Amino acid sequence: MSGTSRPRPRAILRIHFHPAERTDELYGQLLTVVDGISCRVEPLPADWSAYADLTGALTYWGRDTEGLVAVVRLRLLALHGVQCSAGAGPTRSIAAMAADATPPGAATVVRDDPYEIAAFLRTRPASALPGIGPRTVRTLSRYGITSVGDIADAQLPTLQRILGATAARQAHHRALGIDERPVVPGAAPRTMSAVHRFDRDELDTERHHRAVLGLVQDLGRRLRTSGEIAPALTLTVTYADRTQTTRTRTLAEPTAHTPALAACAHDLLTGLGLQRARVRTLAVRAERLRPAEGAIRQLTLDQRDDKLRRLETALDKAATRYGPGVAGTASTFPRAG
């Protein structure tokens, strides 16, 4: 009688799409290509990426992880002319880190082997670990913790005193290559995004805020034009080294009202603590869109809010007639500071 068989190695793919032009239709087509390889695909429309669980597909296609990732990349290029950067590994976090470290047109694969996992993780900067933002990096660096290996070697109680119980446990596990989060298949929800790419890596936090508020103004106008409202906003910051931080916040009520969207985006950006962070791209995404009709608006006695809504209507009409950007309501936005 044979001994107990070794569990099948996990293979999670994180893939970033890099098309010349981005449309919702194209994103859906790219997801369909990935879905043709593995039915377990989780869309991430915020940054034009997706997760795919290739574990079962390896046997079906009779290929190893490197070979199957190559098939995905080749199909995307052949069918849609789209380059991608792909990372694969035994967990979501390793796959994400591998993809972030990979340029367009290439792939990085970390096999489900303890030595290979440790070799990949330990030399990475702490900022490369998913869930570790600039503020946490600065906090850890004050204690001499600057790499993923340092996080793995730190005693958990020490990390908990620095970061808090939940964040410390998550960071410690991921630094050790432990991440049991599954890929959750599903159709891409209806979203609407706006992106600002700086001409150069931008350090000025005031420029960060102005860019985000400009994106929110654009989103608000487009939401109102399409007759939709958003229950939540997501902010994605891409840094000079191509790493990213993403944060999502639910609004007090679903809305397309620019000041409400701006206040939410302002809080998201301020909460990241981006002082001296070299920012390359800022993206704001309105989540889980729904039709505006039937929405319940909370009653208010704030006459200023009513005036701003009437002003929005007038500005939307002007934008429809003369084009976006002819006028704005920047004075209604919260100021950075």
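Residues numbered from 1 in each chain as written. Predicted model: local features only at pLDDT ≥ 70, side-chain atom pairs only at ≥ 80, totals over all residues. Heavy atoms only, no water.

Quick word on the sheet that holds strand β5 (residues 106–109)
Formally: Strands pair, by our definition, only if DSSP identifies at least two bridges between them. Note on conventions: DSSP H or I runs of at least 4 residues are helices, E runs of at least 2 residues are strands, and numbering of each starts at the N terminus. Axis definition: a line fit to C-alpha positions, over the contact stretch in the case of helices; interaxial angles, taken between N-to-C directions, run 0 to 180 degrees.
One open sheet accounts for 5 strands, arranged β2-β3-β1-β4-β5; its pairing is mixed. At either end of the open sheet lies a strand with only one pairing partner, and these are β2 (41–44) and β5. Taken over all neighbouring pairs, the strand axes of this sheet differ in orientation by 15° on average, direction set aside. Summarising the sheet, strand β4 (residues 83–89) and β5 pair through 4 bridges and their orientation is parallel. When the sheet's bridge partners are listed, S85 is paired in β5 with A106.

Comments concerning the packing of helix α10 (residues 205–226) against helix α11 (residues 258–272)
Rules: Helix crossings fall into two classes, left-handed where the near helix is turned counterclockwise from the far one by less than a right angle and right-handed where it is turned clockwise. Residues are treated as being in contact if the distance between any of their heavy atoms lies within 4.5 Å. Throughout, the ten residues Ala, Val, Leu, Ile, Met, Phe, Trp, Tyr, Cys and Pro are labelled nonpolar, Asp, Glu, Lys and Arg are labelled charged, and all others, Gly among them, are labelled polar.
Where α10 contacts α11, the two axes come as close as 9 Å, and the packing angle between them is 145°. Note that α10 runs across α11; the crossing there is right-handed. Of α11, the residues touching α10 (which contributes H208, H209, V212, L213, V216, Q217, G220, L223 and R224) are T258, L261, A262, A265, H266, L269 and T270. A per-class count over the contact of α10 with α11 returns 8 nonpolar, 7 polar and 1 charged.

Comments concerning the confidence of the model for the protein
Formally: Confidence of the prediction at every residue is given by pLDDT, a number between 0 and 100.
Put simply, the protein has an average pLDDT of 86, and 84% of its residues get 70 or more. Predicted confidence for residues 329–337 stays below pLDDT 50, and this span has 20 contacts to residues more than four positions away or in other chains.

Some thoughts on the environment of D113
Checked against the element boundaries, D113 lands in the loop between β5 and α5 (114–122). Between the C-alpha atom of D113 and that of P9, which follows or precedes it by 104 residues, the distance is 8.7 Å.

Observations concerning the pattern of salt bridges
Formally: In what follows, salt bridge is the name for a side-chain nitrogen of Lys or Arg lying within 4 Å of a carboxyl oxygen of Asp or Glu.
Here the structure, examined in full by the defined rule, presents 13 salt bridges. Notably, a salt bridge pairs D153 with R122, separated by 2.6 Å at the nearest N-O pair. Separated by 31 residues along the polypeptide, D153 in helix α7 (residues 148–153) and R122 in helix α5 bring together distant segments of the chain. For R207, the salt bridge identified is with D204, shortest N-O distance 3.9 Å. The network of salt bridges with common partners includes E202, D204 and R207.

Some words on unusual backbone geometry
The cut-off we apply is this: Working definition: with a 1.4 Å probe on protein chains only, accessible area under 20% of the residue-type maximum means buried, over 50% means exposed, and in between means partly exposed.
For R242, which is not glycine, the phi torsion reads 75° and is therefore positive. As for its position among the elements, R242 is in the loop between β7 (228–239) and β8 (244–255). A relative accessible area of 28% places R242 in the partly exposed class. For R276, which is not glycine, the phi dihedral falls at a positive 65°. R276 sits in the exposed class, given a relative accessible area of 70%.

What to know about the environment of T108
Relative to the assigned elements, T108 resides in strand β5. Placed 95 residues apart in sequence, T108 and L13 show a C-alpha to C-alpha distance of 9.9 Å. Apart from the residues within four sequence positions on either side, T108 is in contact with A86, G87, A88, A98, T102 and F120.

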